[in-house]
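Commentary on secondary and tertiary structure
What follows is the residue order along each chain.
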Amino acid sequence: MSYKQTKILDVDKINNEDKKREYISDAAMWISEGEVVAFPTETVYGLGANALDEKAIAKIFEAKGRPSDNPLIVHIANRDQLSELVTEITPAAEKLMEAFWPGPLTIIFKKKGPIASNVTAGLDTVAIRMPSHPLALKLIEAANVPVAAPSANLSGKPSPTTAAHVYHDLQGRIAGVVDGGSTGVGLESTVLDCSVDPPMLYRPGGVTIEELKEVVGEVAVDPSLKNIEDAPRSPGMKYTHYAPKGSLSLVNDVSCIQALLDEAREQGKKVGVLTTEERAAEYEADTVIACGAREDLSTVAAKLYDALRQFDQENVDVIYSETFPNEGVGAAIMNRLEKAAGGRVI
Ligand code: TXA
Ligand code: MG
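Residues numbered from 1 in each chain as written. Chains lettered and ligands numbered in written order. Predicted model: local features only at pLDDT ≥ 70, side-chain atom pairs only at ≥ 80, totals over all residues. Heavy atoms only, no water.

Here we look at the packing of helix 1 (residues 17-32) against helix 5 (residues 134-143)
It is at 8 Å that the axes of helix 1 and helix 5 come closest, and there the two elements cross at 50 degrees. By the angle between their directions, the pair helix 1 and helix 5 is classed as oblique. At the point where helix 1 passes helix 5, the crossing takes the right-handed sense. When helix 1 is examined against helix 5, the residues Ile-24, Ala-27, Ala-28, Ile-31 and Ser-32 are found in contact with a partner set consisting of Leu-135, Lys-138, Leu-139, Ala-142 and Ala-143. Partitioned by chemical class, the residues of the contact of helix 1 with helix 5 number eight nonpolar, one polar and one charged. (Axes fitted to C-alpha atoms, helices over the stretch in contact; angles between N-to-C directions. Helix = DSSP H or I, 4+ residues; strand = E, 2+ residues; numbered from the N terminus. Parallel < 35°, antiparallel > 145°, perpendicular 65-115°, else oblique. Left-handed = near helix turned anticlockwise from the far one by under 90°. Contact = heavy atoms within 4.5 Å. Nonpolar A, V, L, I, M, F, W, Y, C, P; charged D, E, K, R; others polar.)

See below:
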């Protein structure tokens, strides 16, 4: 499928409320007509299509180049939509929805009903989330169907946190993109399987494991998150992700980074470093990216994917990144960095 033009509906920069409503209703109409449209959520931009329409869902896989065994998250705007899609809502799921919906928590349920089979890649479970971004909620409500949406990047690339990132990856491959400015969280939602007891964490994300435990007590963690030799229970976690074109390595001891940069530079490489505001002035490299501030890790999360994309834009060959504490939002940051680095840790 190719499109002469991918339309940008810039809701972010216009002040005219009627025009904004018109854009949302155009995007909703495309979705109900079986097209795919990118839209902002509070985590990253999603690439949405009608979750009840198999042909529309096939366009998502085609546009992203996504393997068909990787199921999609279904986005809803209200609780009534949920009861039509799942067989059972466990007490744990009930408490978690109460605490974190709308917001960056995806819950896996046993599925029922009319969801297209390619949404769930043949599984008997379905991942569902109610995003908190007002534009996402308005769009799903206006489309009046559950909206399946993976992150709106080409498969393998960092998820998009601006409409420009989406356009860069998917221009000519999708009908349109609703531009709502930069997303807030910057990393994808937490994925938690509530079809098992205790609930099991498949992907760390916007809601931290510490926050989940406060609400439901025990939370199991997919062993593959700690040991890359184990097969992940969530199909998407087995693929290489987020990787910049240059070779990225994570370096635990910051005092080694400058020497590593110098060595690569002597070999004629264009070198880059991923750091934070606190230490950015310490480095000499072709590209130094201060990705947020270490004293508030949510600022690092918000900028991480843009930083990884920037290294690509500047054609950096060798990138060294500082590491972050593996707790709170840091756990999600480290999970994505480890994947982006293909496990290279020094
Ligand atoms: O924040 C987010 O979650 C964003 C925004 C757009 O909502 N979406 C997103 O979707 O990150 P995606 O497709 O990039 O990641 C979905 C993850 C994949 O790892 C997929 O394998 C997993 O959720 N998943 C979906 N359904 C599942 C299921 N039934 N069982 C296990 N894992 C599932
Ligand atoms: Mg993704």
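What follows continues from the structure just given.
Examining the sheet that holds strand 12 (residues 247-251)
What the four strands build is an open sheet, ordered 12-15-13-14; its pairing is parallel. Edge positions in the sheet fall to strand 12 and strand 14 (287-290), since each of these pairs with one other strand and no more. With strand direction ignored, the average angle separating the axes of adjacent strands in the sheet is 20 degrees. Alignment of strand 13 (residues 271-275) against strand 15 (residues 318-322), held across four bridges, turns out to be parallel. Bridging from a neighbouring strand, Val-273 pairs with Tyr-320 of strand 15. (Pairing = 2+ DSSP bridges.)

Focus: helix 8 (residues 257-266)
In an α-helix, one turn spans 3.6 residues, which is why side chains three or four residues apart end up on the same side. Turning to helix 8, its buried residues number three or more, namely Ile-257, Leu-260, Leu-261 and Ala-264. One side of helix 8 holds all its buried residues, which, seen down the axis, span an arc of 100 degrees. At the exit of helix 8 stands Gly-268, carrying a positive phi of roughly 85 degrees. (Buried < 20%, exposed > 50% of the residue type's maximum accessible area, 1.4 Å probe, protein only. Arc of directions from axis to C-beta.)

As far as function goes, none of this settles anything; it's purely spatial.
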